[in-house]
Structure formats: C-alpha cells, structure tokens
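Structure at a glance
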Amino acid sequence: MNSLRVRLGVLGLALLTGLTTPTTASAASAAEKAPSPTVEEQRLGKAVPQEILRRSGFDTVAPRLARALDAARSYGEARRAVAHEGERLWRRAVDRAQGRGPAVGDLSRDDDRPLYWARLGMTREVRTWEPEFGLTDGQRAALLDELERTSRGQSAIGYPHGRGLKRILLTGFDPFTLDRDIRISNPSGATALALDGTVIETADGPARIETAVFPVRWQDFTEGTVERTLRPYLPKVDLFTTVSQGRVGRFDIERTNGAWRGGFGDNDNIGRTETVPVTDPASQPQWTTTTLPYRAIVAADTGRFPVYDNTGVTEIPAGGTEPVVRPEGPTPGSTARQGGGGDYLSNEIAYRATLLRDRLGLHDRLPGGHVHTPVLQFGAGNSTEVTDPEFVRNRLDIIAQVRAILKAAAAES
C-alpha cells in the first residue's frame, strides 16, 4: 500500500509458545494489573461494529469467551479455553462464508467484518481479564498470541497427504483505515474466508487452497508473525500469494517488493518509517521479486476487473539522495522507498514472504508473490449504511476473480 496514494484519498492500498505451567503463588504475586484496551479494540464500542456483530450473529462470540475465562481456575485452563474459542471463531467464519450452517442475521455470508470485530471483542476480553489466581504480563501476552494465531487460521493450515494434488497458500488482511470509514471491509480477508479449504480444478489436476489472515499492525510484523506462519509450509506448497486491497478498479500483480516502511499509521494508529526489520539484516536485499507467472495471469480472462503487471517502484538511486520513480523497476544498487505495492504492510508482507522463499532456497522452483485487489467500494450515495447490493456484488466479484487468478497461476506452475 502506497502511503502517498492513501494521502491522496484512495481508500485501500493495503494490503494492503508452548504451554506454560499453571501460575504459582509467587507468579500470582508478580501479576500485573490488566492493561487498557488498545486503540484498535476501543473502536469496538462504536455503533457500526456493534451493528455488524448483531446482524451477523457474531455478537455472542466475545461473551462466550468471557464466560470460559471466568470458569478457568488456572493459566493452563485459560490457555486451552482461548485456543478452543479462537479455533471455533475461525471455523465459524469460514463456514459462514462458504454457506455452511445457519444463516444467522441479514449480512451477506461473504462479509469478512464479523470475524474482525468478533476477534477484537475476544482480544479485549483477554487483555482486560483479571483472574483471581493472577496473571503475569508474559502469560497474558501468550494468551493473546494464541488467540491471534487460532482465530486467523494461522494454526489451521493443513493439506491432505498423497500425490496428484497441488497445494496453494493464500493470505489476506484485516480491514484498515477505520478512522476514515469504520464500515470498511477488506476483500482480501473475505477472499481468505471464501477460499479456505476449497479445491480448484486445473489441467494438471486439483489444487487445494489453504488460507490465513494477518493484522494491519507494524509490531506484529516486526515480531515475525509472517515468517512464523509461512515457514513450515512454503517448502511443501506449489504456489503461494499474499493478497491485499490496492487500487480502485483494477488488480495488480506486483513485480517488485521493497525493504522500506513508509510510516503510514496502522490499526493502532502507529507509524513506522524505517527499513523493514528482518533477521540477519546484513544479508537483507533492498528488493525481492515475484515468481508468480504474471504474464499468464494478465493474459487470462479472470473477471470484470482488468489485471496489470505492475513494474513500477520508487528508489533512491545508487549515489543519490532523493527518491526517484522508476516505472520499469529498480536500478542496480538502489535503495528501496516503495515497492510496486507501495510502502505499507501489503508491500511488507510481499517482501517478507518472497524473502523467506529466497532464503529457503525456493526462488527457482516456487511461484509466489503479491496480488492487489481493487478497492471494495460501496454503492453510489451510500455514506452511512454498513452494506448495500453493489458493495456485496463488488466483493463477490473480487473473490471470484482471485480464485480465477489462482487457477490461471496454478495452470502454469
């Protein structure tokens, strides 16, 4: 996501531990007072999130976790309750998106926002919980980490054994820029829910898609959430793509990713302006590249939105001091300032995923890169309602086109 484009008013461009022993008396005495809800969690009290939760039936999720925590008599019991409820939320959101189970509420099933707001209700419960047996800061952090991983599908990735089945890994993002419009949905997250565990048919046989969703928070990326989630699976899959919301009216296959954070605020209203922090920075490249079959994807008839091979970047040329836009990609020895996908977290997840691919020695045999979807727009004149027919149509069309892009890519892999 390009912070310049965000400043110009384009909505989008995103995307864009093992069990610890139960608390002892000494650990309980060291427990800290529960922290306040985060900026992201505080938005939950507004009218729109509450309406989305009510109209989807997901307003029962956080209260259910609160009851489970109240019933816990040790840290171990709390950890098991959090893991169970996190997994339950992810599976419920996937089932809803794919038409399984009762259609509770009147929001369309393809909506990703109930998952997002329900998760925030759960993290707020964990963050503010003060059990009688005490909770250390480290234990609370571990509970929150468990909840994030399980409720985002990051711990549920799995492929059937056997030959003859291709394996595709796809990631999406939470909604973002919510202080501009709290109604926002992220089509990449909706796509992850709609495609998780599904199979597409290619000329070479079936391909199974597994998905996960990531937060729009710089700190989570600094702490390695992308690498921790993807590392076990990249050596085993046949294709991967990170997906986020990008530009109005178009898909982009981002050719080049840059090692730079541009400072735009995340969902906690925190900005970062720096080189993307990774392990072993001494060997860190300024640029990584897609290995998706971008020519075949662009040539395929995948849906109503045009698909572009986006080659542009912004760099500081070797020996220079000022950023320069390069429509055809970076020049030798340059320093990254924007990848094709900008300088926000969508560029960063693409950079991290493709850098991990390369560090695992998979560059020449694993197709992978980033896909930017069109901005998900409401119908003309709708500035207050949480949904409308055009909004739903746009989201369904984006989901279907991502699926078609995956099929075109898998056919070339």
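Before any of the text, the structure's been laid out above.
Quantities reported herein were computed from a predicted structural model and do not represent experimental measurements.

Focus: the packing of aromatic side chains
What characterises a pair of aromatic rings is the spacing of the ring centres plus the angle enclosed by the ring planes. For the structure on display, the rule yields nine aromatic pairs. Judged by centre distance (4.8 Å) and plane angle (70 degrees), the rings of Y116 and W117 are edge-to-face. When sorted by exposure, Y116 lands in the same class as W117, which is buried. Through successive ring pairs, a cluster of aromatic residues spans F176, W218, F264 and Y344. Taking NZ or CZ as reference, R92 lies 4.3 Å from the ring centre of F58, over its face. Above the face of the Y308 ring, R250 is positioned so that its terminal group lies 4.1 Å from the ring centre.

Describing the environment of G121
Positionally, G121 belongs in helix α7 (residues 113-128). Residue classification places G121 among the buried residues on the basis of a relative accessible area of 4%. For G121 and V61, which are 60 residues apart along the polypeptide, the C-alpha to C-alpha distance reads 7.8 Å. Not counting residues up to four positions away in its chain, the partners in contact with G121 are L44 and A62.

Examining helix α4 (residues 47-56)
α4 sits mainly inside the fold: seven of its ten residues count as buried. Just beyond α4, the residue with positive phi is G57, at close to 80 degrees.

Side note on the environment of P37
Within the element layout of this structure, P37 appears in the loop between α2 (25-29) and α3 (39-42). Expressed as a C-alpha distance, the spacing of P37 and E132, which sit 95 residues apart in the sequence, is 20 Å. Dropping the residues within four chain positions of it, P37 is found in contact with Q42, R124, R127 and T128.

Overview of the sheet that holds strand β14 (residues 368-373)
An order of β2-β3-β1-β4-β14-β5-β10 is seen for the seven strands of this open sheet, with the pairing classed as mixed. On the outer flanks of this sheet lie β2 (199-202) and β10 (307-310), each paired with one strand and no other. On average, each strand axis in the sheet is tilted by 25 degrees relative to the strand beside it, whichever way the strands run. Bridging between strand β4 (residues 239-245) and β14 involves six bridges; their strand directions are parallel. Counted as the bridge partner of F240 is G368 from β14.

Here we look at the pattern of salt bridges
Scanning the model with the defined rule gives 33 salt bridges in all. Measuring nitrogen to oxygen at the nearest pair gives 2.8 Å for the salt bridge that ties R152 to D174. Of this pair, R152 sits in the loop between α8 (137-151) and β1 (166-173) while D174 sits in the loop between β1 and α9 (187-195), placing them 22 residues apart in sequence. For the residue pair R152 and D174, the accessibility class agrees, reading buried in each case.

Re the side chain of R357
Looking at the element boundaries, R357 is found in helix α13 (residues 345-359). At a separation of 2.7 Å, a polar atom in the side chain of R357 contacts the side chain of D358. The contact partners of R357, leaving out residues within four places of it in the chain, are L234, F240, T289, T290, T291, L362, H363, L366 and G368.

A word on unusual backbone geometry
Backbone geometry places N269, a non-glycine residue, at a positive phi of 60 degrees. Inspection of the secondary structure puts N269 in the loop between β7 (260-262) and β8 (273-275). In this structure, D280 takes a positive phi of about 50 degrees despite not being glycine. Within the secondary structure layout, D280 lies in the loop between β8 and β9 (287-289). Among the residues examined, D280 registers a relative accessible area of 46% and is labelled partly exposed.

Rules used in this analysis
The residue numbers shown here count from 1 along each chain, following its written sequence. In keeping with the predicted nature of the model, local features appear solely for residues at pLDDT of at least 70, side-chain atom pairs appear and are counted solely at 80 or more, and the whole-chain, interface and lining totals rest on all residues. Note that the side-chain values use all heavy atoms of the structure and ignore hydrogens as well as water. Only the six-membered ring of Trp is used, alongside the rings of Phe and Tyr, when aromatic pairs are assigned; centres must lie within 6.5 Å, and planes under 30 degrees apart are stacked while those over 60 apart are edge-to-face, with the rest tilted. Here the term buried applies to any residue with accessible area under 20% of the maximum for its type, exposed to any over 50%, and partly exposed to those in between, with areas from a 1.4 Å probe on protein chains only. Criterion for a charge above a ring: Lys NZ or Arg CZ within 6 Å of the ring centre, and within 35 degrees of the ring normal. The numbering of helices and of strands both runs from the N terminus, where a helix is a DSSP run of H or I of at least 4 residues and a strand a run of E of at least 2. Here, residues are in contact when the closest pair of their heavy atoms is within 4.5 Å. By the convention used here, strands pair only if DSSP detects at least 2 bridges between them. Simply put, an axis is a line fit to the C-alpha atoms, just over the touching stretch for a helix, and the angle between two N-to-C directions goes from 0 to 180 degrees. Basic side-chain nitrogens of Lys or Arg form a salt bridge, by our definition, when they fall within 4 Å of a carboxyl oxygen of Asp or Glu. N or O atoms closer than or at 3.5 Å make up a polar contact, with two conditions inside protein: a donor-capable atom paired with an acceptor-capable one, and, for residues adjacent in sequence, both atoms drawn from side chains.

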